[in-house]
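Per-entry structural report
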Amino acid sequence: MPLDYPVHRRTLDNGLRVVVSPDHTVPNVTVNLWVGVGSRHEEAGRTGFAHLFEHLMFQGSRGVRSGEHFEALMAEGGRLNATTWFDRTNYFETVPTGALELALWLEADRHGHLLDALTQENLDNQRDVVKEEKRQRYDNQPYGTALIDVYAAVFPEGHPYHHPTIGSMADLDAASLEDVHAFFRRYYAPDNTVLTLCGDIAPEEGFTLVERYFGGLTARAEERRPDLPQLEPLTAPVRVERREKVPNDRLHVAFRLPVDGTDELVAATVALDCLAGLSSSRLVRRFVRREQSATGAHATAWGFVDGVSLGFVVIDAAPDADTDALEAGLVEELERLAQEGPTEAELEASIAQAERAWLSALASQEERADLLSRYLLLHDDPDVVNTHLDRVRAVTAERVVEATRRWLRPESRAVVAFLDDAEGAEAVA
Amino acid sequence: MSARPAVRPPAPWAFPVPEEHRLPNGVRLLVHDLPGQYVLSMRVVVPSSLATEDPELEGISSMTARLLDEGTAEHSPEEFAELMERHGMALGAGVSDGGLLVDLDVPQAHLPTAARLVTEALATPVFPEPEVRRILRSRLAEIEQERASAAHRAAREVARTMWDPADRASRPAAGSAETIGRITREAVAEHHALRVGPRGATVVLAGDLSGIDPLSVLDATLGQWEAPRQVPAPPPLAPVPAADRARVVVVDRPGSVQTEIAVACPGPDRSTPFGWAPHPVASFVVGGSPNARVDAVLREEKGYTYGIRSAFRPRVAGGSFVTSGSVRSEVTGEAVGLLLGILDDARDGFTAAELRSGVDFVSKTAPGRYATADAVADETAALALEGLPLDFTTRNLAAVAGLALEDLDAAYRRAATGEWTVVLVGDAESVLPAVEGRLPGPVSTVAL
């Protein structure tokens, strides 16, 4: 079934790229902005800054008092939030159609005039809140810091993806008001931002409203460096071992992958599916069903734009299982996949699951808006929402074999092992 | 900069009303045709009560649900998994206090195959011995994962403290290590024969149904489902609160950098004779947003937490009102004191502005909250299991819009009597001295 979600686009004189995608099935509009700044833009000693900044965007701006952004939109039936990731920061709300202009006005006020309202008190308070977020999501969770180890093991020191979005406590402590001002001036500008309206709105009306509220913002984003060239796979295995009090041993086996928006990444994703991304995957059949040496095996691929993406397999070891044997088994299955390629059933299953996941995401107005912004900001092509599945369906067994041989070689793996040690917590790198 | 724009009132909206049918075997079928929703959502609910589980074998309902798609008379477990995935299906099954819930998402074109496989899973699972052992083992691993997670551990201790020890609700729905260890293949097969069948069952199908004849697809599949030995489920009963529930339990989790806080009391289900409408409004005002009473102090003023949330959690019968979140260890004593103060002070009444904001949020977000096939199917399946009429959602929204301050105050006071069950999961060595003398009720400590 070919997809035909409407995609109307226009660029304002100040460089703000806008997409309007009408859908009148629900009397709501989603406003979704992506700003071209994420943790990949952060410098050493300033990690966690993009995310801390995202919090400050809710603390008031020229015409809006602290907390009012949430309050005003929720009282009109808005559901809203913001998130920070390696490649970008996004801000979004879904509001009843009659509150669309209020949402645009509030967004324009903070995206244009945040600094008027920024205070040391707000910065100190949100720094504390972000530190609690870090404790809650990373430090106080079993395996909570595993992915931080994965990023550091897979990507070289100084690479944009070497450090996590949440940053470090020391860097958060060091953030000053001057830093925040400089950060805003450097990255928050209409020519480094895209805006999507998805929902109960006609294209011309949408463009007129965005022009009304955002047209007055000044273009001033700094010249961007081009994205980094493709990072080649690791040439020798990397291993990080953590001994902590965890419920069971867990292996994270990670790989560098080709950048987002390429056929090669789609093929590598299918290869990871064959390995552990499906309940009929090889590692699930072998470790979980037959040997019962693991209670779970999963695979994930995250597309990034700055020269490399990330793929990883997570294996939860059964209580008496030997993690070295699990790792050796994974290497065997990688080699077999590279030799023999995927079966017809694996290829079909991977494509069918990708299709359902994509259609499910697009079924929600919020997620559709987010995908439109993603492809507009990072690839200048919002129509990917309609064409992505064609690319997925075009994957062949040969492409999967090529991707496996190039990107998923056993020697290109980085392993982060969390091993149960009730006695203490020390790192052996 | 232009002036702040005015807001136009939202258009009237109603929760979609499904078409209602009966399948040949008596199963109730509720169909929502939702144009543009290309992934169909199917739900099958079968009422049953966890209270009827053999106390020695608690968790058997959950384990049976998890084993439904692990081998059928027609397909081995691996064949079944592969068939599902080749047809783009995502299938899940679990139990709540009201019964079994099977959920399926599948692209439109694969509905006939999906309906056939769901029927197989419900009607002819064979529970192969190795799969039973594997699923039981993974539940044991899951129990350890839940123990290690502060939030899960807190939820378990709340149930154990708030409900009477004789009540099934005081123990984990999916069973403990002891009871899971006693479950056998034969017990699972027997449980399936007696508890999983078309009697009392409802099927919900939601999504874009253009070009599909759902009735003939479902007549030929779930309409043929039979379970001659199935016994009817007893009517659901609200859990009995523990007589000594108003106390503080510290769960010792050495080395924790945060304390997970949960404050709870019993609450109503959605068919409460007082009306459900004020409850989501009250919980929103108390702890439903960064500007709500709780986070206005603990997050935005003090910076002690990433966020603490309050919610009424209705069960099929009875329910609870729970406020939970985490704070850094050093401020545990002060944070819990402030939190209990806020929850108690709300008994003095809400303001007109709070009522307005809560009513507006709950009623105006409804069209968006029920905009996907998935969300519509979930709500209709919940109505079916809870025995609520199909226009409940719409009528409740009208009741929300008409709430007066007295309704809100009365609803909160009925639930929040001040008899709080307080659970703190954290490093007992530092938590205990910090809360000593600061909180009402006796304080005890339990191991992780």
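From a predicted model like this one, the values you see are computed outputs, not experimental measurements.

Another point: the overall build of chain A. Each helix and strand in chain A was counted, giving 15 helices and twelve strands. Its C-alpha atoms give chain A a radius of gyration of 23 Å, near enough to 22 Å, the size a compact globule of 429 residues would have. Residue pairs at least 24 apart in sequence account for 79% of intrachain contacts in chain A once pairs closer than 6 positions are excluded.

Now for the overall build of chain B. Helix and strand counts for chain B come out as 17 helices and twelve strands. Since a compact globule built from 448 residues should have a radius of gyration of about 22 Å, the 23 Å found for chain B is in line with a globular shape. Burial status across chain B gives 55% buried among its 448 residues. Taking contacts inside chain B between residues at least 6 apart in sequence as the whole, the part at least 24 apart equals 82%.

Let's shift gears to the sheet that holds strand β2 (residues 17–22) of chain A. All names here are of chain A. Taken in spatial order, the six strands line up as β1-β2-β6-β3-β5-β4 in an open sheet, and their pairing is mixed. Two strands bound the open sheet, and with one partner strand each, they are β1 (8–11) and β4 (79–84). Here the average twist between neighbouring strands, direction ignored, is 15°. Both β2 and strand β6 (residues 193–199) contribute to a ladder of six bridges, which runs parallel. Its bridge partner lying in β6, serine 21 is registered against cysteine 198. Across the sheet, helix α3 (residues 100–113) lies against β3 (28–35), β5 (89–96) and β6, angled at about 15° from β3, the strand it touches most.

How big an interface is tends to be stated in terms of accessible area lost as the parts join. All names here are of chain A. For chain A, the assigned domains read domain 1 (8–214) and domain 2 (238–428). Taking only C-alpha atoms into account, the centre of domain 1 sits 28 Å from that of domain 2. With 33 residues of domain 1 at the contact, the number on the domain 2 side is 30 residues. Contributions of two or more residues to the side of domain 1 that touches domain 2 are made by β2, β3, β5, α5 (146–154) and β6.

This part is about the packing of helix α10 (residues 282–290) of chain A against helix α11 (residues 323–340) of chain A. Residues and elements named next belong to chain A. The interhelical angle for the contact between α10 and α11, taken along N-to-C directions, is 150°, at an axis separation of 10 Å. What the angle tells us is that α10 and α11 run roughly antiparallel. The handedness of the crossing between α10 and α11 comes out as right-handed. Across the interface between the two elements, Arg282, Leu283, Arg286 and Phe287 from α10 touch Leu326, Gly329, Leu330 and Glu333 from α11.

Time to look at the domain arrangement of chain B. All names here are of chain B. Domain annotation for chain B reports domain 1 (19–224) and domain 2 (248–447). Using only C-alpha atoms to locate each centre, domain 1 and domain 2 end up separated by 29 Å. Sorting elements by how many residues they give to the side of domain 1 that touches domain 2 places helix α5 (residues 150–162) first, with nine residues. By residue class, the composition of the side of domain 1 that touches domain 2 is 16 nonpolar, nine polar and five charged.

Another aspect to go through is the interface of chain B and chain A. At the junction of the two partners, chain B supplies 61 residues and chain A supplies 59 residues. When contributions to the side of chain B that touches chain A are tallied by element, the ones reaching two or more residues are α2 (77–86), β5 (99–107), α4 (129–148), β9 (305–314), β10 (319–328), α12 (352–364) and α13 (366–369) of chain B. A total of eight residues in the side of chain B that touches chain A trace back to one element, the largest contributor, which is α4(B).

Counting residues in each nonpolar core, the largest one holds 265 residues, and the members touching the most others are Ala271(A), Val313(A), Val118(B), Leu339(B) and Leu424(B). With ten residues, helix α9 (residues 263–277) of chain A is the single largest residue contributor to this core. In contact with Val118(B), not counting residues within four places along its chain, are Met42(B), Val44(B), Leu91(B), Val102(B), Leu104(B) and Leu222(B).

Quick look at the sheet that holds strand β12 (residues 443–447) of chain B now. Residues and elements named next belong to chain B. With respect to topology, six strands assemble into an open sheet ordered β9-β10-β8-β11-β7-β12, the strand pairing being mixed. Bordering the open sheet on either side are β9 and β12, each of which pairs with just one other strand. Each neighbouring strand pair of the sheet contributes to a mean axis angle of 15°, computed without reference to strand direction. Sheet topology note: the strand β8 (residues 258–267)/strand β11 (residues 421–426) ladder contains five bridges and is antiparallel. Paired with glutamate 260 across the two strands is valine 425, which belongs to β11. Running at roughly 150° to β11, α5 makes contact with β7 (248–252), β8, β10 and β11 of the sheet. Running over the sheet, helix α9 (residues 278–287) touches β9 and β10 and is turned about 165° from β9.

This part takes up the pairing of strand β2 (residues 28–33) of chain B. All names here are of chain B. Note: strand β1 (residues 19–22) against β2, four bridges, orientation antiparallel. When the bridges of β2 are listed, glutamate 19 appears paired with valine 31. Taken together, β1 and the strand that follows it, β2, pair antiparallel across an intervening segment of five residues, in which glycine 26 is found at a positive phi of about 95°. Pairing geometry for β2 and strand β6 (residues 202–207), over six bridges, is parallel. Paired with leucine 29 across the bridge in β6 is valine 203.

What counts and what doesn't
Residues numbered from 1 in each chain as written. Chains lettered and ligands numbered in written order. Predicted model: local features only at pLDDT ≥ 70, side-chain atom pairs only at ≥ 80, totals over all residues. Helix = DSSP H or I, 4+ residues; strand = E, 2+ residues; numbered from the N terminus. Rg over C-alpha atoms; globule rule 2.2 N^0.38 Å. Contact = placed C-beta atoms within 7 Å. Buried ≥ 20, exposed ≤ 12 C-beta atoms within 10 Å, placed from the backbone. Pairing = 2+ DSSP bridges. Axes fitted to C-alpha atoms, helices over the stretch in contact; angles between N-to-C directions. Domains from an automatic or database assignment. Parallel < 35°, antiparallel > 145°, perpendicular 65-115°, else oblique. Left-handed = near helix turned anticlockwise from the far one by under 90°. Nonpolar A, V, L, I, M, F, W, Y, C, P; charged D, E, K, R; others polar. Core = buried A, V, L, I, M, F, W, Y, C linked by C-beta atoms within 7 Å.

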